[in-house]
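Next come the chains, spelled out residue by residue.
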Amino acid sequence: MGEKMRPLGVPFEKLKIASFDFTCCEGCQLQLTNQEASLPDFLDLLDVRNFREISSERHDDYDIALIEGSISRQDEVERLLKIRKQAKILVAFGTCACFGGVNSLKNRHPVEELIDEVYPGMAIETLPVRKISDLVTVDLSIPGCPVDKGEVERIMVSLVTGSLVTLPKYPVCIECKAQLTTCLFELGEICLGPLTRAGCNAVCTSGKTPCLGCRGPAEEINMAAFLELVKERGLSLDDLHEKLAFYNAFEPFQSHET
Ligand code: SF4
Ligand code: SF4
Ligand code: SF4
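Keep in mind that what you see is a predicted model, and the values were worked out from it rather than measured.

About the criteria used
Residues numbered from 1 in each chain as written. Chains lettered and ligands numbered in written order. Predicted model: local features only at pLDDT ≥ 70, side-chain atom pairs only at ≥ 80, totals over all residues. Near = placed C-beta within 6 Å. Nonpolar A, V, L, I, M, F, W, Y, C, P; charged D, E, K, R; others polar. Domains from an automatic or database assignment. Contact = placed C-beta atoms within 7 Å. Helix = DSSP H or I, 4+ residues; strand = E, 2+ residues; numbered from the N terminus. Buried ≥ 20, exposed ≤ 12 C-beta atoms within 10 Å, placed from the backbone. Arc of directions from axis to C-beta. Pairing = 2+ DSSP bridges.

K.L.:
In this structure, what is going on with the site of ligand 2? I would like to understand it.
P.N.:
Surrounding ligand 2, one finds 14 residues, the nearest of these being Cys173, Cys176, Cys183, Cys191 and Gly193. Of the residues in the shell around ligand 2, the class split is ten nonpolar, three polar and one charged.

Dropping the structure here:
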């Protein structure tokens, strides 16, 4: 860990942190730098050793590695293994890293056909998309497409102070109903809010857009009951399948589908 500070006389150490992007849009890293009001305080917690969006410094002596993106090339596999050897705490940072994310849509189509269509005649090196935990041990996952800035800051404070790091166990519906929104099922849409881990303050459904489950499964979800709900309402199972597959976050539960 890094330089010692003594706010209010309580000693703590800055986190030596590095952030690395793999196959992704870098939107999750950008979320941190967007947090202008609290960014100076946030950076006070951190000793940034390698973080392209924040600093030109490049050092290899980090303790915490934020891994953004999924893995889709062999050189990424090798880079990830090297980072894992150095990091004491490796964080899957964002939905691409935690679940594969939107990149996983590629796995649903023959990749050669896609290359012929998009990059005809070009040699493109690409592998099926994998989430970070398919390749290395992940110590902590922070889901979200993108991650929620407030949640990341809260988790970093927990790491600095040695407190328990937690994510909400309950589903998005709890945050959605707290805002007195009309349920999108009442408007004839399939919303994955009942299945999905809260923590985004129901940002999509409060804007009348169905939840697509970017934060992955909440604890103890009941996929069979959710499927019954969709059937009872006469909603499209194809639409359900599309939504569940969008971020690849419900892969372990998709055998319940019909
Ligand atoms: S999780 Fe979403 S915002 Fe974050 S890197 Fe992936 S696509 Fe971008
Ligand atoms: S709109 Fe979605 S998140 Fe909101 S209550 Fe209905 S199912 Fe739950
Ligand atoms: S409402 Fe659903 S899709 Fe939207 S940010 Fe929250 S978890 Fe992600």
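K.L.:
What should I look at first to understand the site of ligand 3 in this one?
P.N.:
Taken together, Val172, Thr196, Cys200, Ala202, Val203, Cys204, Thr205, Cys211, Leu212, Gly213, Cys214 and Arg215 make up the full set of residues adjacent to ligand 3. Considering only residue class, the shell around ligand 3 consists of eight nonpolar, three polar and one charged.

K.L.:
Would you mind showing me how to read the domain arrangement of the protein chain here?
P.N.:
You'll often see interface size given as the accessible area lost when the parts meet. For the protein chain, the assigned domains are domain 1 (4–161) and domain 2 (172–256). For domain 1 versus domain 2, the separation of C-alpha centres amounts to 26 Å. Counting residues at the interface gives twelve residues for domain 1 and ten residues for domain 2. Per-element tally for the side of domain 1 that touches domain 2: the top contributor is helix H4 (residues 95–99), with three residues. A breakdown of the residues in the side of domain 1 that touches domain 2 according to their chemical character gives five nonpolar, five polar and two charged.

K.L.:
Just to check I follow, could you spell out helix H9 (residues 237–245) for this structure?
P.N.:
Since the α-helix turns once every 3.6 residues, residues separated by three or four places project in the same direction. Listed in full, the buried residues belonging to H9 are Leu240, Lys243 and Leu244. Seen end-on, H9 carries its buried residues on one side only, within an arc spanning 95°. On its buried side, H9 packs onto helix H8 (223–232).

K.L.:
Sorry if this is basic, but what is going on with the pairing of strand S3 (residues 15–21) here?
P.N.:
Both faces of the sheet carry side chains from a regular strand, because those side chains alternate between them. Counting buried residues in S3 gives six out of seven residues, a clear majority hidden from the surface. As paired elements, S3 and strand S4 (residues 46–50) share four bridges and run parallel to each other. Counted as the bridge partner of Lys16 is Asp47 from S4.

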